[in-house]
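If you want the building blocks of each chain, they are given just below.
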Amino acid sequence: NAGVTQTPKFQVLKTGQSMTLQCAQDMNHNSMYWYRQDPGMGLRLIYYSASEGTTDKGEVPNGYNVSRLNKREFSLRLESAAPSQTSVYFCASSEATGGGYGYTFGSGTRLTVV
Amino acid sequence: GNSVTQMEGPVTLSEEAFLTINCTYTATGYPSLFWYVQYPGEGLQLLLKATKADDKGSNKGFEATYRKETTSFHLEKGSVQVSDSAVYFCAPVNSGSARQLTFGSGTQLTVLP
């Protein structure tokens, strides 16, 4: 099925550990995004990639890095996890050209940092 | 950047009741507007959209009209079902190259049988 695939679905880390969240889309979309969702705060943009080869910071980039590996893949890395990074992480993609296109979201990664 | 103010939840309704979830936004220009829905344990799904003033987006019995004069995009449904229980997010899109969405805080809807 076409869409956005995120791995893993669940992860528990110890404080200070590192990990990479993977995201891949098969819709030939230009733009990709990483959001975090916390209770009562909606979704907040961490990083985005308007097109292959470019990345930019969003609202809450501290403690994260990203890589747009190719047009399909956009990974999010936590170099030294902290309890404040406990959250649900969503990857999304969008066709950036033209108007009125929304996002297609992955099913999320639930991350707990202890 | 854009900002969104959504009706605070949680909202609890009986089946077949009328639903309104208010959404107002601030933005530069006239952004496209979206409503997303998130069912328990899932990612967000596009519910409906409107791309210009006075457009009405509709899907699955839900409707929302792009009101430029009041910068609003309120979500309505005439008769809710238990299966509509979810979190609803209003989101305008930025006009930049990445077309970022700015999400409201979400409104939790619970429909009781």
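Everything below is about the structure shown above.
An account of the accompanying structure is given in this report. Only a predicted model underlies this, so the values are computations on that prediction, with no experimental measurement involved.

## Structural notes on the state of the cysteines
Residue and element names in this part refer to chain B.
Then step 1. Summed over the entire model, instances satisfying the criterion amount to two disulfides over all chains.
Then step 2. A sulfur-sulfur distance of 1.9 Å marks the disulfide that ties Cys-23 to Cys-90. Looking along the S-S bond of the Cys-23-Cys-90 disulfide, the torsion reads about -65°, which is the left-handed sense. With a gap of 67 residues between them, Cys-23 in strand S4 (residues 23-26) and Cys-90 in strand S10 (residues 86-92) connect regions that are remote in the sequence.
Then step 3. By relative accessible area, which is 0% here, Cys-90 ends up buried.

## Section: the pairing of strand S8 (residues 74-78) of chain A
Residues and elements named next belong to chain A.
Then step 1. Counting buried positions along S8 gives four out of five residues, so the element sits mostly inside the fold.
Then step 2. Summarising the sheet, strand S3 (residues 19-25) and S8 pair through three bridges and their orientation is antiparallel. Bridging from a neighbouring strand, Leu-21 pairs with Leu-76 of S8.
Then step 3. Bridge analysis of strand S7 (residues 64-68) against S8 gives five bridges, and the strand direction is antiparallel. Residue pairing in the sheet places Arg-68 in a bridge with Phe-74 of S8.

## A short note on the interface of chain B and chain A
Then step 1. Each side of the interface is counted separately: chain B has 18 residues, and chain A has 23 residues.
Then step 2. Of the roughly 1500 Å² buried where chain B meets chain A, counting both sides, 55% is carbon and sulfur surface.
Then step 3. The tally of links between chain B and chain A comes to four residue pairs in polar contact (both at pLDDT 80 or more).
Then step 4. Among the secondary structure elements, those contributing two or more residues to the side of chain B that touches chain A are strand S5 (33-38) and strand S6 (44-50) of chain B.
Then step 5. At three residues, the largest contribution of residues to the side of chain B that touches chain A is made by S5(B).
Then step 6. Broken down by class, the residue content of the side of chain B that touches chain A amounts to seven nonpolar, eight polar and three charged.

## Examining the sheet that holds strand S7 (residues 56-59) of chain B
Strands belonging to one sheet form pairs held by backbone hydrogen bonds; the direction of such a pair is parallel or antiparallel.
All names here are of chain B.
Then step 1. The four strands are arranged S3-S9-S8-S7 in an open sheet whose pairing can be described as antiparallel. Since the sheet does not close on itself, it has two edges, and those belong to strand S3 (19-21) and S7, each with one partner. For this sheet, the mean angle separating the axes of adjacent strands, direction not counted, is 20°.
Then step 2. Pairing of strand S8 (residues 62-65) with strand S9 (residues 75-77) involves three bridges; the strand directions are antiparallel. Its bridge partner being in S9, Glu-63 is matched across the sheet by Glu-76.

## Remarks on the layout of surface pockets
Then step 1. Within this model, the largest pocket holds a volume of roughly 650 Å³.
Then step 2. Forming the boundary of the largest pocket are 34 residues, of which Gln37(A), Val88(A), Phe90(A), Arg110(A) and Gln38(B) lie nearest the centre.
Then step 3. Elements with a minimum of two residues in the lining of the largest pocket: strand S9 (87-94) and strand S11 (109-113) of chain A together with S10 and strand S11 (107-112) of chain B.
Then step 4. Among the elements that line the lining of the largest pocket, the one with the most residues is S11(A), at four residues.

## Details of the packing of aromatic side chains
Then step 1. Here the structure, examined in full by the defined rule, presents 15 aromatic pairs over all chains.
Then step 2. Centroid distance Tyr33(A) to Tyr48(A): 6.4 Å. Interplanar angle 25°. Geometry classified as stacked. Separated by 15 residues along the polypeptide, Tyr33(A) in strand S4 (residues 31-37) and Tyr48(A) in strand S5 (residues 43-49) bring together distant segments of the chain. In this structure, Tyr33(A) and Tyr48(A) share a single accessibility class: buried.
Then step 3. With centroids separated by 6.2 Å and ring planes inclined at 35°, the aromatic side chains of Phe34(B) and Tyr36(B) adopt a geometry described as tilted. Across the pair, exposure class does not vary: Phe34(B) and Tyr36(B) are buried alike.
Then step 4. Linked through ring pairs, Tyr33(A), Tyr35(A), Tyr48(A), Phe90(A), Tyr103(A), Phe105(A), Phe34(B), Tyr36(B), Phe89(B) and Phe103(B) together constitute an aromatic cluster.

Conventions used here
- Residues numbered from 1 in each chain as written.
- Chains lettered and ligands numbered in written order.
- Predicted model: local features only at pLDDT ≥ 70, side-chain atom pairs only at ≥ 80, totals over all residues.
- Heavy atoms only, no water.
- Disulfide = S-S within 2.5 Å.
- Helix = DSSP H or I, 4+ residues; strand = E, 2+ residues; numbered from the N terminus.
- Buried < 20%, exposed > 50% of the residue type's maximum accessible area, 1.4 Å probe, protein only.
- Pairing = 2+ DSSP bridges.
- Contact = heavy atoms within 4.5 Å.
- Buried area = accessible area lost by both parts, 1.4 Å probe.
- Polar contact = N/O pair within 3.5 Å; in protein donor to acceptor, adjacent residues only side chain to side chain.
- Nonpolar A, V, L, I, M, F, W, Y, C, P; charged D, E, K, R; others polar.
- Axes fitted to C-alpha atoms, helices over the stretch in contact; angles between N-to-C directions.
- 1 Å grid on protein atoms, 1.4 Å probe; cavity = no way out; pocket = protein on both sides within 12 Å on 5 of 7 lines; lining within 4 Å.
- Points joined across faces, edges and corners; volume = space filled by probe spheres on them.
- Phe/Tyr/Trp six-rings, centres within 6.5 Å; stacked < 30°, edge-to-face > 60°.

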